[in-house]
Every structure is written in C-alpha cells, then in structure tokens.
There are 2 protein chains.
Amino acid sequence: MARTAGSHSQTTGPRVRAQAEALFAKHGYAAVSMRQIAAAVGVQAGALYNYIPDKQTLLFSLLHDHMADLLVAWDGQDLSNDPLIVLDQFTQFHLEYHLNRKDAVFIAYMELRNLTTDNFAIIETLRRQYEDHLERLIIAAQEAGAVTVADTRIVTLAVIGMLTEVTTWYRPDGRLDMAVLCGMYKTLVRRTLGATQV
Amino acid sequence: MARTAGSHSQTTGPRVRAQAEALFAKHGYAAVSMRQIAAAVGVQAGALYNYIPDKQTLLFSLLHDHMADLLVAWDGQDLSNDPLIVLDQFTQFHLEYHLNRKDAVFIAYMELRNLTTDNFAIIETLRRQYEDHLERLIIAAQEAGAVTVADTRIVTLAVIGMLTEVTTWYRPDGRLDMAVLCGMYKTLVRRTLGATQV
DNA sequence: GTCTATAATCAGATAGAC
DNA sequence: GTCTATCTGATTATAGAC
C-alpha cells in the first residue's frame, strides 16, 4: 500500500507499451516521437528510458510479443479431427484474434521496414511459423480428400491475405457482428480451397 | 540541344517523384527526409522546392496519381460479355497492374495515415470507386446466375484483399511466372465467388 | 534551375537533482 | 522513478547569389 511518491513501476511499463502501440498504429513508428509517447503516458520523455533501452527496441518488442502471443494462442486451441472443421477453426481463430488486436496487427504489417536487419529476420521467422501452421492444415485436408488445392503455399498466403484484410475495414459496431462475419468467411475459405463440402 | 548548364526541368521533376516513391516505399514517408530524396535525385534539398510545394503535397500527389491511373487503366480494358470471363479479366488486370507497380501499391496502402484529412478523403473516394467496379461485376455475374455470393460487398473486399496480398511476396524471378500465377488466382477468385464453372 | 547558407524547430538520448 | 535541463545532430522550408 505504502509507495514512494512518483513510483509506479508496476503500471508505467505496460502503459508505455500500450500507448506506443496505439500511437505507432495511428501515425507510424517514424512519425511518433518519444515525447509524444511520454505525453500519452503522462510522464516526461526521460522517464521512458527506465523501461526501454531505445525506440527501436520498443518497436521490436511490440512486434515480437504480438507474433509470439499469436503462436501461443494457436497452440492452445483445441482442434477437431475433421480436416474441414479444423479449417473453420483456423478461420474463426484468425479473425477473432486479429480483430481484437487491430493496432498490433497493423504495426506488425506496416513497420517491418523500420526494424533492423536482425530484428526483421526474427519477426519473419515467427510469421513464417504461423503460415506453416495453416499450410499443414491444408495439406492434411488435401491428403484426406477434403479439399483440392493446386499449390498449398500460394493458397495458404491467399487465405491469410483474405482474412487479414478484414482488419482494414471491420468495425464491431458496423452492420455485421462477429458470428455472421466468421460464418461468411468460413464459407469463403472452404470455397477457396475447393472443399468437398461448403 | 543547347541547354543552360544546370537546367534539367524536363527530367528533374519526374525524377523527384520516382525517387520519392521508391524511398517512401522502402523506408516510409515519415522516415524519409527531403535531403535523402534530393541525394537520390542528385541535387540539393532546396532544389526540390522548384517541383513540389511541400512534402505532404508530394505524398498526396503520388497516391492520387496512382489511384487515378488505376481507374483510367481499368476503364481502358476491353471487357468480355461473359460474366465469368470478365471476372477473370479483373483478376488478371489487378495482378498485373499491381505487381508492376509494387512501390506505388505499398505506399497507397501504408501511407494513408500520413495524409491530411482532406487529402485522405479524396484518396478514399478513388479507392472506393475501384472497389465498386469489381462489386458491379460480381452483382452482374450473380444476376446472370454465374456466381453465388451471400454479401457482394464483403466478397468484393475479400477478393481484392486476396489479390493485393500477392504484392507482398511475389518476385518476378521466383518459381512462378505471371501467367501461371494469374491462372491460379483466376481459379481461386472463381471458387471464392461460388462460380458455376471453375 | 540549382546552389549555399540559414532560420526555426524538433529528434533521440543522457546527466544529475530530488 | 521521475523530473528538468541539456547535448548533439537532423528536420522542413526559405532567401538570395549565380
């Protein structure tokens, strides 16, 4: 309970990350100054350096945690034995996860070019891992005779592209609720894969 | 033939735009300085202001011309009477046009947030016009009984998202040439639309 | 049309007081 | 842990010489 005045280490750190994420998504990494982040948090610029070594590391940390969390979340899914139902589960998972983290998704796609070469390689490896998860599902469905795909890699990227694009226009208070949206995209994904049942 | 030393008005203007486009695509609008653009062109920073009023107008001009050129190019297409062939034509047009202008496409999607409010509205109107072209094709195909779509607007955005995503990974010297790529995506688009023939 | 020089501002990051 | 003050260098844009 007793706490030194001005000491908020348990809350300021996460707040720096949250405000940076929101500002980077809105204006772009290069366009946001450390002073802007500090103002959003409610501290002076110098205080930020108690929590982050520099601006580049802050960006990398946001992207890395987003991708790592995504992989952990997918690993935690309870998957069906039906190869078509599993594809529906991926569609639903991808849409819900990404629509609930629009800022992080936006940054993860937009700010890759602002990473150093080494940091970029790490993020790309994580992204590739996620893509591979879906490609394995498509290959399994193909082997089970549930879908017909000419090139599993291309179709994997096409499906992820189609699903991720939703984050650029979907509004929770718009004309479609999540359940309806997910239902429509499950159909679109099955169709794209040439599923035996749609 | 005779030309005042240092006078290159017929070439410098376009070169400023071309170099700015390349640099904005690579590093992002906010991350690129006028000095960098000038260095790429081969002049000093001050000379740029003979061709552009300011940095913001340069960005807007690049985005505006890209979208306007896209609409003009589509209007110039010779379209089939077959509603499914027309959709194939759109797929091919969109892929070829966008893959030949990767930098402009990247900027058009990434730098919208760096436009002023007024400029943003203008670009969004142009983008919406392009989307409407595809949506009308889908509606026509639906009315002709050639496709089955639950929500023409959603599917329009899904198709454009799927096609545009290709620009993030396609390499002309990669394992797929344009003809094969277009063929595969024509199938994917037809499938997504629930076409009677794929 | 391009140059050099400069104005006015802002950037990321650090030092030391409290 | 946060503040103020500051360092160093970069930013956009302009002015005037050539």
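Placed above this text is the structure.
Residues numbered from 1 in each chain as written. Chains lettered and ligands numbered in written order. Predicted model: local features only at pLDDT ≥ 70, side-chain atom pairs only at ≥ 80, totals over all residues. Heavy atoms only, no water.

Chemist: Can you break down the overall build of chain A residue by residue, with the values?
Modeler: When helices and strands are counted, chain A shows 8 helices and 0 strands. From first element to last, N terminus to C terminus, chain A shows the α and β order α-α-α-α-α-α-α-α. The dimensions of chain A, computed from C-alpha atoms along their principal axes, are 65 × 40 × 35 Å. Split into buried and exposed, the 198 residues of chain A put 49% on the buried side. When contacts within chain A are restricted to residue pairs at least 6 apart in sequence, long-range pairs at least 24 apart make up 69% of them. As presented, chain A carries roughly 9,600 Å² of accessible surface, and 52% of it is formed by carbon and sulfur atoms. (Helix = DSSP H or I, 4+ residues; strand = E, 2+ residues; numbered from the N terminus. Buried < 20%, exposed > 50% of the residue type's maximum accessible area, 1.4 Å probe, protein only. Contact = heavy atoms within 4.5 Å. Areas by Shrake-Rupley, 256 points an atom, 1.4 Å probe, with all protein chains shown as cover.)

Chemist: Summarise the interface of chain A and chain B; cite the residues concerned and give the values.
Modeler: Interfaces are frequently sized by the accessible area removed from exposure as the parts join. With 33 residues of chain A at the interface, the matching set in chain B holds 33 residues. Counting the surface lost from both chain A and chain B, the interface buries some 2,600 Å², and carbon and sulfur atoms represent 60% of this. Sorting the residues of chain A by area buried against chain B places Arg113(A), Ile154(A) and Arg191(A) first, and these three jointly supply 27% of that buried surface. Linking chain A with chain B are 4 salt bridges. Note that Arg113(B) is salt-bridged to Glu111(A), the shortest N-O span being 3.0 Å. At the junction of chain A with chain B, the criterion picks out 13 residue pairs in polar contact (both at pLDDT 80 or more). Mapped by element, the contributors of at least two residues to the side of chain A that touches chain B are helix H1 (9–27), helix H5 (102–110), helix H7 (152–164) and helix H8 (178–192) of chain A. No other element matches H7(A), which puts 7 residues into the side of chain A that touches chain B. Across the side of chain A that touches chain B, the residue classes break down as 18 nonpolar, 7 polar and 8 charged. (Buried area = accessible area lost by both parts, 1.4 Å probe. Salt bridge = Lys/Arg side-chain N within 4 Å of Asp/Glu carboxyl O. Polar contact = N/O pair within 3.5 Å; in protein donor to acceptor, adjacent residues only side chain to side chain. Nonpolar A, V, L, I, M, F, W, Y, C, P; charged D, E, K, R; others polar.)

Chemist: Tell me about the packing of H7(A) against helix H8 (residues 178–192) of chain B, and name the residues and values.
Modeler: For the pair H7(A) and H8(B), the least separation of the axes is 12 Å and the interaxial angle reads 50°. As far as their axial angle goes, H8(B) and H7(A) are oblique. Of the two possible hands of crossing, H7(A) and H8(B) adopt the one that is right-handed. Taking contact as the criterion, the partners of Ile154(A), Val155(A), Ala158(A) and Met162(A) in H7(A) are, on H8(B), Met184(B), Tyr185(B), Leu188(B) and Thr192(B). (Axes fitted to C-alpha atoms, helices over the stretch in contact; angles between N-to-C directions. Parallel < 35°, antiparallel > 145°, perpendicular 65-115°, else oblique. Left-handed = near helix turned anticlockwise from the far one by under 90°.)

Chemist: Lay out helix H3 (residues 55–75) of chain A with the relevant residues and their values.
Modeler: Over its 21 residues, H3(A) runs 31 Å from end to end, which matches the ideal 30 Å to within 8%, given 1.5 Å per residue. One side-chain oxygen at the N-terminal end of H3(A) lies 3.4 Å from the backbone nitrogen of Gln56(A); it belongs to Asp54(A). (Expected span 1.5 Å × (residues − 1).)

Chemist: Lay out the packing of aromatic side chains with the relevant residues and their values.
Modeler: Overall, the coordinates contain 12 aromatic pairs over all chains when judged by the stated rule. For the pair Trp169(B) and Tyr170(B), a centre-to-centre distance of 6.2 Å together with 70° between the ring planes defines the contact as edge-to-face. Cluster of aromatic residues (ring-pair linked, three or more members): Trp74(A), Phe90(A), Phe93(A), Tyr97(A) and Tyr130(A). Positioned over the ring face of Tyr109(A) is Arg127(A), at 4.6 Å from the centre of the ring. (Phe/Tyr/Trp six-rings, centres within 6.5 Å; stacked < 30°, edge-to-face > 60°. Lys NZ or Arg CZ within 6 Å of the ring centre and 35° of its normal.)

Chemist: Please set out the nonpolar core residue by residue, giving values where relevant.
Modeler: Here is a general trend for soluble globular proteins: nonpolar side chains tend to be buried in one another's company. In this structure, Phe24(A), Ile37(A), Tyr185(A), Phe24(B), Ile37(B) and Tyr185(B) are the most contacted members of the largest nonpolar core, which totals 124 residues. Ignoring any residue separated from it by four or fewer positions in sequence, one finds Ile37(B) in contact with Val16(B), Ala20(B), Leu23(B), Phe24(B), Val32(B), Leu48(B) and Leu58(B). (Core = buried A, V, L, I, M, F, W, Y, C linked by side-chain atoms within 4.5 Å.)

Chemist: Can you lay out the pattern of salt bridges for me, pointing to particular residues and giving the numbers?
Modeler: Residue and element names in this part refer to chain A. Considering all chains together, one arrives at 18 salt bridges over all chains under this definition. Arg17 is the salt-bridge partner of Asp65, the closest N and O atoms lying 2.8 Å from each other. Here Arg17 lies in helix H1 and Asp65 lies in helix H3, a separation of 48 residues in the sequence. Asp65 gets classed as partly exposed once you look at its relative accessible area, which sits at 30%. By relative accessible area, which is 26% here, Arg17 ends up partly exposed. We note a salt bridge from Asp132 to Arg128, for which the minimum N-O separation is 3.2 Å. Taken together, the positions of Asp132 and Arg128, both in helix H6 (residues 117–143) and 4 residues apart, correspond to about one turn of that helix.

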